[in-house]
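Results of the structural survey
These are the residues of each chain, in order.
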Amino acid sequence: MSLNTKVDFNHDHNQWVFKPVGEIDIYTSSVFKEEIVKSFEERKADLVIDGRQLDYIDSTGLGALISLLKMLQDTEYKIYIDNIRPNIRKLFDITELDKLFIIRGDENAQ
Amino acid sequence: MLNDRISVKIPNKTDYISLVRLISSAIGSRIGYNVDEIDDLKVAMGEACILSFVPDEADEVEISFEVLKDKLEISISGHKGFEPVEEKREAKLSKMIIESLMDEAYYLDEQIRMVKYID
């Protein structure tokens, strides 16, 4: 029930990179979402969520990601979900969110 | 643990969902679930709690686990039912997750019942 999100701006690719470490759940999902919204408002760019160190996500966390997707839907920007672990990928598949999000590189996840 | 019933009453606060996940994990381990099955149980229990720990409802949520020969039966009080039209997006996600990870799931008027088989 803890989350620490590392935030970086990648100037080479002109994109925000968020690395959530821990759990995006009912305790942490609103702070996680606010942090990303704040960054996007500060500088408009593509959003990359690097899930390499994400241990767990629940429906409130998935809901937070959906609202970020909605925030971007009338813009030219995209959201990418990278390197998520198999247990998390499974939840995207179950909820059919794998069809809404661009999920990349999970085959390399440990 | 065969035919044992484990029952816990927990304050109706989302702060305790992680405790429920922990208890579920311990029970899953004791009855011989493998790592993936334990993870499925924990995730489904987390979602059932999100549906059941409703503010301003009962003071306590009662969760009971019944270990049978070939299945684990779980009931969680506190759930107040949903009108399909009013159902929140996240509640739909919760139900999709529960129904996929558990073998049976029932949303009754005042409780959620779930069954996971023991191989």
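Notes on the structure in this doc start here.

Calculation notes
Residues numbered from 1 in each chain as written. Chains lettered and ligands numbered in written order. Predicted model: local features only at pLDDT ≥ 70, side-chain atom pairs only at ≥ 80, totals over all residues. Helix = DSSP H or I, 4+ residues; strand = E, 2+ residues; numbered from the N terminus. Rg over C-alpha atoms; globule rule 2.2 N^0.38 Å. Axes fitted to C-alpha atoms, helices over the stretch in contact; angles between N-to-C directions. Parallel < 35°, antiparallel > 145°, perpendicular 65-115°, else oblique. Left-handed = near helix turned anticlockwise from the far one by under 90°. Contact = placed C-beta atoms within 7 Å. Nonpolar A, V, L, I, M, F, W, Y, C, P; charged D, E, K, R; others polar. Pairing = 2+ DSSP bridges. Buried ≥ 20, exposed ≤ 12 C-beta atoms within 10 Å, placed from the backbone. Core = buried A, V, L, I, M, F, W, Y, C linked by C-beta atoms within 7 Å. Right-handed = clockwise from strand over helix to strand, strands pointing away.

Helix and strand content of chain B: three helices and five strands. Along the chain direction, N to C, the helices and strands of chain B fall in the order β-α-α-β-β-α-β-β. A globule of 119 residues ought to have a C-alpha radius of gyration of about 14 Å, and chain B, at 13 Å, matches this closely. The C-alpha extent of chain B, read off along each of the three principal axes, is 40 × 25 × 20 Å.

On to the packing of helix α1 (residues 29-42) of chain A against helix α2 (residues 59-72) of chain A. Residues and elements named next belong to chain A. Where α1 contacts α2, the two axes come as close as 9 Å, and the packing angle between them is 20°. It follows that α1 is roughly parallel to α2 by the angle criterion. Crossing angle aside, the handedness with which α1 passes α2 is right-handed. Residues Ser29, Phe32, Lys33, Ile36 and Val37 of α1 form the contact with α2, whose participating residues are Thr60, Gly61, Ala64, Ser67, Leu68 and Met71. Per-class residue counts for the contact of α1 with α2 are six nonpolar, four polar and one charged.

Looking now at the sheet that holds strand β4 (residues 104-107) of chain B. All names here are of chain B. Taken in spatial order, the five strands of this open sheet run β1-β2-β3-β5-β4, and their pairing is antiparallel. Across the chains shown, the open sheet's two edge strands, defined by having one partner strand only, are β1 (5-11) and β4. Ignoring strand direction, the axes of neighbouring strands in this sheet form an average angle of 10°. Against the sheet, helix α1 (residues 17-30) contacts β1 and β2 (60-67), and its axis sits at roughly 170° relative to β1.

The next point concerns unusual backbone geometry. Non-glycine residue Asn14 of chain A carries a positive phi angle of around 50°. By the element assignment, Asn14 of chain A lies in the loop between β1 (3-10) and β2 (15-24). With phi around 65°, Asn3 of chain B is a residue other than glycine that occupies positive phi space. Here Asn3 of chain B lies in the segment before β1. Exposure remark for Asn3 of chain B: the 8 C-beta atoms within 10 Å place this residue in the exposed category.

What follows deals with the nonpolar core. All names here are of chain B. Core analysis: the biggest nonpolar cluster contains 49 residues, and Ala44 and Ala48 have the highest contact counts within it. The element best represented in this core is helix α2 (residues 35-52), accounting for eight residues. Beyond its immediate stretch of four places on either side in the chain, Ala48 contacts Ile76, Ile98, Ile112 and Met114.

Residues and elements named next belong to chain B. Viewed as axis vectors pointing N to C, α1 and α2 meet at an angle of 150°, and their least axial separation amounts to 9 Å. Considered as vectors, α1 and α2 are oriented roughly antiparallel to each other. Note that α1 runs across α2; the crossing there is right-handed. Across the interface between the two elements, Ile17, Val20, Arg21, Ser24, Ser25, Gly28 and Ser29 from α1 touch Glu37, Ile38, Leu41, Lys42, Met45, Gly46 and Cys49 from α2.

Moving on, we come to the interface of chain A and chain B. Taken together, the twelve residues of chain A in the interface contact 14 residues of chain B. Those elements that provide at least two residues to the side of chain A that touches chain B are α2 and α3 (86-94) of chain A. Per element, the largest residue contribution to the side of chain A that touches chain B is five residues, and it comes from α2 of chain A. Its residues assigned to classes, the side of chain A that touches chain B shows six nonpolar, five polar and one charged.

For the rest of this paragraph, the subject is the environment of Thr60 of chain A. The residue Thr60 of chain A is located in helix α2 in this model. Residues Thr60 of chain A and Ser30 of chain A, spaced 30 residues apart in sequence, show a C-alpha to C-alpha distance of 8.4 Å.

Looking now at the pairing of strand β5 (residues 79-82) of chain A. Residue and element names in this part refer to chain A. Residues Ile79 and Ile81 point to one face of β5 and are all buried, whereas Tyr80 and Asp82, pointing to the other face, are not buried. Alignment of strand β3 (residues 46-50) against β5, held across four bridges, turns out to be parallel. Residue Asp50 lies in a different strand from β5, and its bridge partner there is Asp82. Relative to strand β6 (residues 102-104), β5 runs parallel, the two sharing three bridges. Note on β6: the bridge partner recorded for Asp82 is Arg104. With α3 bridging β5 and the parallel β6, this β-α-β connection has right-handed handedness.

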